[in-house]
Every structure is written in C-alpha cells, then in structure tokens.
Amino acid sequence: MIELNKQKIADSVPQRGFFGHPKGLFTLFFTEFWERFSYYGMRAILIYYMYYKTTKGGLGLPEQTALAIMSIYGSLVYMSGIIGGWVADRLVGTARSVFIGGILIMLGHIALAVPGSIPMFFASMVLIVLGTGMLKPNVSTVVGDLYAPGDDRRDSGFSIFYIGINLGAFIAPLIVGTVGMDYNFHLGFGLAAIGMFLGLVVFMITKKKNIGLAGSYVSNPLAPKEKKIVWSSIIGGAILLGIILAVTIPAGILTLDRFINLVGILGIVIPTIYFIVMYTSKKTTADERSRVIAYIPLFIAAVMFWAIQEQGSTILAAYADKRTQLDFAGIHISPAWFQSLNPLFIIAFAPVFAWLWVKLGKRQPSIPAKFAFGILFAGISFLVILLPAYFGGDDSLVNPLWLVLSYFIVVLGELCLSPVGLSATTKLAPAAFSAQTMSLWFLASAGAQALNAQLVKFYTPENEMTYFGTIGVASIVLSLILFALTPKISKMMRGVR
C-alpha cells in the first residue's frame with residue numbers, strides 16, 4: 001500500500017523541467033540553498049563569536065570550551081532530526097515539517113542577531129537545533145518522493161540537490177563571514193536570518209505548482225486517541241525537563257562536561273535503539289530487515305567520515321585562525337573564508353561525480369564501495385594536514401595551501417559518501433520508517449560530532465601530529481575493512497544498488 005502511495009505521489013509531480021528532473025527539484029534546491037546559507041553563514045563565525053574577547057564583540061569563552069560547545073551544537077542539530085522525522089511520519093508529513101523548521105531556524109538567527117548575553121546565545125541554539133531537525137531530514141525525504149520507485153534519475157537528482165546545499169554553504173562564509181568578522185557579529189547573524197526567510201518564501205510560492213502531493217503523505221499516522229496521549233506526554237515532558245534543569249544547573253549537578261558526556265552517550269544509544277525498533281517492527285518486511293542490517297556498517301563508516309569532515313568548523317577553524325598565514329599573495333584572508341572551501345570544491349566536482357555515476361551505470365562501484373572510498377579520502381586528508389608541523393614545527397605559521405589541499409581531499413570522500421548516502425537511505429529505508437530513517441542518516445553526523453566534543457580536548461599545537469595521524473590512520477583502516485565486507489553487504493541489500 002505504501003509503495004502504491006509513493007507511486008501516486010511521484011505521478012502527481014511535474015516530471016520534467018529542471019535539468020531533466022521533476023520541477024519540484026527546483027523548489028527544494030533553492031529552499032535548501034537558502035537554509036544552508038543561513039546555517040553555514042552562522043557557523044562560519046560562531047566559533048570565533050564564542051572565544052573572541054568581549055572587547056572584540058565575542059562572548060569571551062575559553063577556546064577549548066568553545067570548541068566543545070561547537071561540536072555539541074552540531075551533534076544536537078542532527079540529533080534533533082529524530083524529532084523532525086517522527087513528526088513528519090506520524091503527524092504532519094514532510095513538506096509541512098520543512099516549513100515549520102524554517103520558521104524556527106529564522107527565529108534562532110534573529111535571537112543571535114540581537115546583542116545580548118550568553119542566555120540569548122543558548123536560546124538561539126535551542127531554536128536552531130529544533131528547526132534544523134524539522135527541516136533537514138524532511139527536505140531530503142521530499143526529494144526522494146519526487147521519483148517513482150526504480151527511477152534511474154534518483155542518484156543524479158540527489159547530486160544536483162547536493163549542489164544547491166553547497167552553493168548556499170559556499171556563498172555564506174564569504175558574505176556572512178566577512179560582515180561578521182570585519183564589522184559586527186550580530187549583523188552577520190542578521191544576514192543569516194534573512195537567508196532563511198528567503199528560503200521560506202521560495203518554498204511557499206512554488207510548492208503547490210512544482211511539488212504536487214510529494215511530502216503531503218503521512219506514512220504512519222497516529223490514531224486520534226494516540227495523538228492525545230502524545231501531546232500530553234510532550235507537555236508533561238517539557239515541564240519535567242524545565243524542573244530538572246532549574247534544579248540541577250544552579251546546584252552544579254549538570255555541568256558542561258557532564259552534558260557533553262551525556263550527549264556522547266546519546267549519540268551511540270539513540271541510533272542503536274532506532275536500528276532495533278526498525279528491525280523488530282511488524283511493519284518491516286523480511287527484505288527490509290536484511291537492508292536494515294546492511295545499513296549498519298554504512299552508518300558506522302558515515303560516523304567515521306563526519307568525525308573528520310565536521311572538524312572543519314572546529315579544530316581546522318581554530319587552525320585557520322591561529323596557525324595559518326592569513327596574509328598571503330598580497331591578500332588578507334579572513335579565517336571564516338576557509339569554510340567556503342568545502343562547498344566550493346563540491347560545486348566544482350559534484351557534477352563530475354553525478355555524470356560519472358550515470359556514465360558507468362551498472363558498472364559503477366556499489367554503495368558500500370563508495371562509502372569505503374569516502375572514509376579512505378577522509379583519512380588521507382588528516383594525514384596531509386599533519387605534514388606542516390612535521391616540516392616546519394608547531395610554532396610557525398602554516399602556508400594556507402595546506403588547508404586548501406586537506407579540504408580538497410576530504411571533499412573527494414564526501415562526494416563518494418554523502419549524496420550517495422542520502423540516496424541509499426531512501427532506498428534502504430523500511431516503508432513505514434521512511435522519514436525516520438533519513439533522520440537516522442543524520443544521526444551519523446550527530447554521533448560523529450558528539451565524539452568530536454571529546455576528541456577536541458586532546459588537540460594542542462604541540463601534539464597535532466599525533467592527533468591528526470591517529471584519527472587519519474583509524475579512518476584508513478576502517479575503509480580497508482569496509483572494502484573487504486562490500487560483497488556481503490551488497491548481498492544483504494536485496495537488489496538495491
């Protein structure tokens with residue numbers, strides 16, 4: 001029944017009109033473009049806003065604390081996708097969840113744009129975390145709904161969608177980063193809020209004409225009696241959480257370090273529960289159970305990859321600020337600009353990879369093999385960035401081209417893993433858990449950044465060779481294991497390529 005509904009939804013979408021893809025891809029492309037503009041613009045300056053002194057417009061937090069908060073922030077952003085996926089699957093559908101999420105994100109950036117204090121900062125975090133959880137997994141699920149089961153354009157469509165993500169991410173640090181670093185942090189955050197507003201405008205104006213029924217279907221709706229129980233539980237849980245926080249924070253029971261450890265535990269426990277629930281559900285067929293098992297090693301590989309890639313906004317951001325020669329070739333480089341390197345390389349090479357997968361057709365590497373290549377490149381990128389300390393020591397400024405090379409190599413891995421992972425998730429997801437499985441995909445990033453919140457404690461300029469080398473070698477070893485397991489995993493995917 002669910003597959004028939006997906007077919008009807010795909011049939012309702014205008015099937016040509018955006019580079020040979022459904023017109024709905026245009027709507028989702030630009031919605032995600034502006035959402036990523038707002039998020040990556042904010043992220044490009046957030047770490048500096050936290051640890052810069054108050055005399056320079058920052059919050060004046062210790063650098064190690066700022067790095068840990070940044071990692072936990074990223075972890076919670078993706079962990080909240082659980083909420084967004086559940087709300088979409090059981091209550092309102094994915095399209096409406098996207099709109100609600102955009103509203104919350106915009107309000108979060110507005111809170112950051114208001115000159116205030118640390119409480120305003122944490123209020124903005126809550127809004128952006130919840131909003132991104134509502135929007136991020138669900139907009140990708142709607143992309144999958146645009147295509148009928150078996151449509152060969154799906155992987156190519158996700159690659160084009162991925163370009164939209166990275167166009168916004170590329171432009172944002174150059175605009176928001178420049179304004180925030182050179183003029184005023186809060187003005188930069190205000191530009192991020194405007195970006196999300198524009199994304200909402202694009203979505204609402206073009207949604208009805210381009211998307212059709214995609215995203216309107218609630219895949220596993222709650223019964224009326226269940227809704228009453230759920231709302232009572234939400235209200236009661238919120239009140240209980242407020243009481244717990246009001247008691248434990250002033251008493252010194254809930255400290256930042258303990259909260260970081262708690263999030264780290266949740267980063268492991270929550271995905272485990274998700275896999276168990278999907279595998280044991282009566283709504284999951286035998287073929288779907290096999291695919292859930294096949295998804296587990298892919299998920300582990302994704303955690304390893306994102307643990308390296310996401311340090312571009314923490315360790316490598318601080319590296320750009322303090323260890324890199326920023327006056328280069330007659331130009332003063334803002335440290336925030338390095339955040340544009342990743343999306344810039346993706347924009348340049350994503351079309352090449354999209355063309356390559358279509359050109360190779362059935363001869364292209366399997367999904368597990370692509371994941372293995374992804375974490376192989378990620379490991380190499382960390383081995384590259386340890387070389388400057390080896391050649392020049394840990395007390396000299398580094399040529400910025402080393403950072404450029406490291407970002408380039410990790411992008412090669414990202415193009416093997418990330419858009420393929422989005423597409424694979426829509427293919428391997430049990431029908432009754434479609435949006436929630438997309439949330440599970442983003443939990444790989446949540447788990448990775450929860451892990452990073454622990455790892456950043458061990459980084460110092462004095463031990464950076466050991467730091468980058470250990471993580472890089474671990475990633476390469478995992479890639480070799482995944483290559484060896486590829487035939488077995490492919491078999492368990494039950495015909496999905």
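Model, not experiment: these values are computed from the prediction. (Residues numbered from 1 in each chain as written. Predicted model: local features only at pLDDT ≥ 70, side-chain atom pairs only at ≥ 80, totals over all residues. Heavy atoms only, no water.)

**Student:** Would you explain the overall build of the chain in this entry?
**Tutor:** For the chain, the helix and strand inventory stands at 18 helices and 2 strands. The C-alpha radius of gyration computed for the chain amounts to 22 Å, which stays within 12% of the reference 23 Å derived for 497 residues, consistent with globular compactness. A burial count over the chain gives 57% of its 497 residues as buried. Restricting the contact set of the chain to residue pairs at least 6 apart, pairs at least 24 apart contribute 83%. As displayed, the chain offers around 20,300 Å² of accessible surface, 72% of which is attributable to carbon and sulfur atoms. Of the charged side chains in the chain, 36 are positive and 23 negative, and the gap between their average positions amounts to 12 Å. (Helix = DSSP H or I, 4+ residues; strand = E, 2+ residues; numbered from the N terminus. Rg over C-alpha atoms; globule rule 2.2 N^0.38 Å. Buried < 20%, exposed > 50% of the residue type's maximum accessible area, 1.4 Å probe, protein only. Contact = heavy atoms within 4.5 Å. Areas by Shrake-Rupley, 256 points an atom, 1.4 Å probe, with all protein chains shown as cover. Lys, Arg positive; Asp, Glu negative; His and termini not counted. Charge placed at Lys NZ, Arg CZ, Asp CG, Glu CD.)

**Student:** In this structure, what is going on with the confidence of the model for the chain? I would like to understand it.
**Tutor:** Predicted coordinates in areas of low pLDDT are best not read in detail. Confidence in the prediction of the chain, expressed as mean pLDDT, is 83, and 92% of residues score 70 or more. For the chain, the element scoring lowest by mean pLDDT is helix H1 (residues 2–12), at 50; helix H14 (residues 367–385) scores highest, at 93. (pLDDT = per-residue confidence, 0-100.)

**Student:** Looking at this structure, how should I read the pattern of salt bridges?
**Tutor:** Side chains that carry opposite charge are capable of pairing whenever their charged atoms lie near each other. In total, this model carries 4 salt bridges according to the counting rule given. Across the pair glutamate 35 and arginine 36 runs a salt bridge whose closest N-O atoms are separated by 2.6 Å. For glutamate 35, a relative accessible area of 0% gives the class buried. A salt bridge links glutamate 464 to arginine 323; the shortest N-O distance between them is 2.8 Å. Pair noted here: glutamate 464 is in helix H18 (residues 464–492) and arginine 323 is in the loop between helix H12 (315–322) and strand S1 (327–328), with a separation of 141 residues, a long-range link. In this pair, the class of glutamate 464 matches that of arginine 323, namely buried. (Salt bridge = Lys/Arg side-chain N within 4 Å of Asp/Glu carboxyl O.)

**Student:** Please explain helix H10 (residues 256–280) as it appears in this structure.
**Tutor:** For the α-helix, the turn length of 3.6 residues means that residues three or four positions removed from each other point alike. The end-to-end C-alpha distance of H10 is 36 Å, a good match for the 36 Å that 25 residues give at a rise of 1.5 Å each. Approximately 25° is the largest bend angle found in H10, and it occurs at leucine 266. Listed as buried for H10 are Ile260, Val263, Gly264, Gly267, Ile270, Pro271, Tyr274, Phe275 and Met278. (Expected span 1.5 Å × (residues − 1). Bend = angle between axes of the 7 residues up to and from the residue.)

**Student:** What should I look at first to understand the environment of aspartate 287 in this one?
**Tutor:** Within the secondary structure, aspartate 287 sits in helix H11 (residues 286–309). Taking relative accessible area as the criterion, aspartate 287 reaches 35% and is therefore assigned partly exposed. Sequence-wise, aspartate 287 and tyrosine 390 are 103 residues apart; in three dimensions their C-alpha atoms are separated by 50 Å.

**Student:** Explain the packing of aromatic side chains to me, please; I cannot follow it from the model alone.
**Tutor:** Each aromatic ring pair is specified by the distance between its two centres and by the angle formed by the two planes. Summed over all chains, the structure comprises 24 aromatic pairs. Considering the side-chain rings of phenylalanine 29 and phenylalanine 30, the 4.9 Å spacing of their centres and the 70° angle between planes classify their relative orientation as edge-to-face. Each ring, one from tyrosine 48 and one from tyrosine 52, has its centre 5.9 Å from the other, and the planes form 50°; the classification is tilted. Here the two residues tyrosine 48 and tyrosine 52 agree in accessibility, since each one is buried. Here the aromatic residues Tyr48, Tyr49, Tyr51, Tyr52, Phe185 and Phe189 are joined through ring pairs into a cluster of three or more. The cationic tip of lysine 56 hangs over the ring face of tyrosine 52; the distance from NZ or CZ to the ring centre is 4.2 Å. (Phe/Tyr/Trp six-rings, centres within 6.5 Å; stacked < 30°, edge-to-face > 60°. Lys NZ or Arg CZ within 6 Å of the ring centre and 35° of its normal.)

**Student:** Hey, could you run me through the nonpolar core in this one?
**Tutor:** Within soluble globular proteins, side chains that are nonpolar tend to cluster in buried spots. The biggest cluster of nonpolar side chains holds 136 residues, and the ones touching the most others in it are Met50, Phe371, Trp441 and Phe468. In this structure, Val87, Leu91, Met134 and Val230 belong to the second largest nonpolar core, which totals 5 residues. (Core = buried A, V, L, I, M, F, W, Y, C linked by side-chain atoms within 4.5 Å.)

**Student:** I'm lost on the side chain of threonine 314 in this one. Help?
**Tutor:** With respect to the helices and strands, threonine 314 occurs in the loop between H11 and H12. The class of threonine 314 is buried, set by a relative accessible area of 1%.

**Student:** Explain the environment of serine 396 here, please?
**Tutor:** Relative to the elements of secondary structure, serine 396 occurs in the loop between helix H15 (387–392) and helix H16 (400–428). In this structure serine 396 comes out as partly exposed when scored by relative accessible area, which is 26%.

**Student:** Quick question: what am I supposed to make of a nonpolar patch on the surface here?
**Tutor:** Taken together, Ile194, Phe197, Leu198, Val201 and Ile205 make up a surface patch of nonpolar side chains, about 450 Å² in accessible area. Turning to its location among the elements, valine 201 is positioned in helix H8 (residues 185–211). (Patch = residues over 30% accessible without salt bridge, like charges linked within 9 Å, V, L, I, M, F, W, Y side chains within 5 Å.)

**Student:** Sorry, what's going on with the packing of helix H3 (residues 63–79) against H10 here?
**Tutor:** When two helices pack together, their arrangement is given by the angle between the helix axes and the distance between those axes. Taken N-terminus to C-terminus, the directions of H3 and H10 make an angle of 35°; their axes are 11 Å apart at the nearest point. Of the two possible hands of crossing, H3 and H10 adopt the one that is left-handed. Taking contact as the criterion, the partners of Thr65, Ala68, Ile69, Ile72, Ser75, Leu76 and Met79 in H3 are, on H10, Leu256, Phe259, Ile260, Val263, Leu266, Gly267 and Ile270. Of the residues that constitute the contact of H3 with H10, the class distribution is 11 nonpolar, 3 polar and no charged. (Axes fitted to C-alpha atoms, helices over the stretch in contact; angles between N-to-C directions. Left-handed = near helix turned anticlockwise from the far one by under 90°. Nonpolar A, V, L, I, M, F, W, Y, C, P; charged D, E, K, R; others polar.)

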